[in-house]
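Residue-level structural notes
Chain by chain, the residues:
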Amino acid sequence: MTAAPAVVGFATAFSLILAIGAQNAFVLRQGLLRAHVLPLVLFCAISDALLITAGVAGFGAIADHLPGFPRLMALAGAAFLFVYGAMRLWAAWRGDYAMTLAGKSASLGAVLATGAAFTWLNPHVYLDTLALIGAVSTQYPDTGQKLAFGVGAVSASFVFFFSLGYGARLLAPVMQSARAWRVLDLGIALVMWALAAGLLLSAP
């Protein structure tokens, strides 16, 4: 009886996080570096799990109680995305990837701090988890079915982030040159700026 809600929860959450956004691009880059992958994907998945749980538990109306919250998150998220995009563009312009090609990465603390910013400063995360997933869960008034839906949705986050973080190494043979990393960083910079512009344009 609870299998169907779990499948719906998994499919709903997986489809929402599938798009290549800022957080996913960062996880992909760390996966290519093979540095701090486990802590990062665990952090992202657990953060999603907390937000999904809050959404399924019925806190999707947070924006109604805090009218200024969406705008504040949009502005903070846009500022962070712009700065990070500029950093990646600067790295691409410099083209100095000696440490990257040697597998060097930022410290664990810096990686987790950046991952936290991508996660908690992204208004779309709240829309997807608190609002959309929370809204879909309301079709299951039965506690057991709602729980199964939530477990399915949380499982999707763990499957996705672990697959992205550890699956990125399959691209490692392609990323053996400074030129490949320059193209990746340029692409990430453009994605970050596009997302920042989208946040500013859609800010209430």
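In the block above lies the structure referred to throughout.
I will try to describe carefully the structure that is included in this document.

With that out of the way, let us pick up the pattern of salt bridges. All chains considered together, the criterion is met by two salt bridges. Between Arg-29 and Asp-185 there is a salt bridge, with the nearest N and O atoms lying 2.9 Å from each other. Within this pair, whereas Arg-29 is found in helix α2 (residues 22-33), its partner Asp-185 is found in helix α10 (residues 178-202), the two being separated by 156 residues in sequence. Of the two residues examined, Arg-29 and Asp-185, each falls in the buried class. Among the residues examined, Asp-185 registers a relative accessible area of 0% and is labelled buried.

Each pair of aromatic rings is reported with the distance of its centres and the angle of its planes. Across all of its chains, the model carries eight aromatic pairs by this definition. With a centroid separation of 5.7 Å and 80° between ring planes, the pair formed by Phe-14 and Phe-160 is classed as edge-to-face. Taken together, the positions of Phe-14 in helix α1 (residues 3-17) and Phe-160 in helix α9 (residues 143-167) put the pair 146 residues apart, joining distant regions of the chain. According to the relative accessible area criterion, Phe-160 is buried, its value standing at 7%.

Cut-offs and rules
- Residues numbered from 1 in each chain as written.
- Predicted model: local features only at pLDDT ≥ 70, side-chain atom pairs only at ≥ 80, totals over all residues.
- Heavy atoms only, no water.
- Salt bridge = Lys/Arg side-chain N within 4 Å of Asp/Glu carboxyl O.
- Helix = DSSP H or I, 4+ residues; strand = E, 2+ residues; numbered from the N terminus.
- Buried < 20%, exposed > 50% of the residue type's maximum accessible area, 1.4 Å probe, protein only.
- Phe/Tyr/Trp six-rings, centres within 6.5 Å; stacked < 30°, edge-to-face > 60°.

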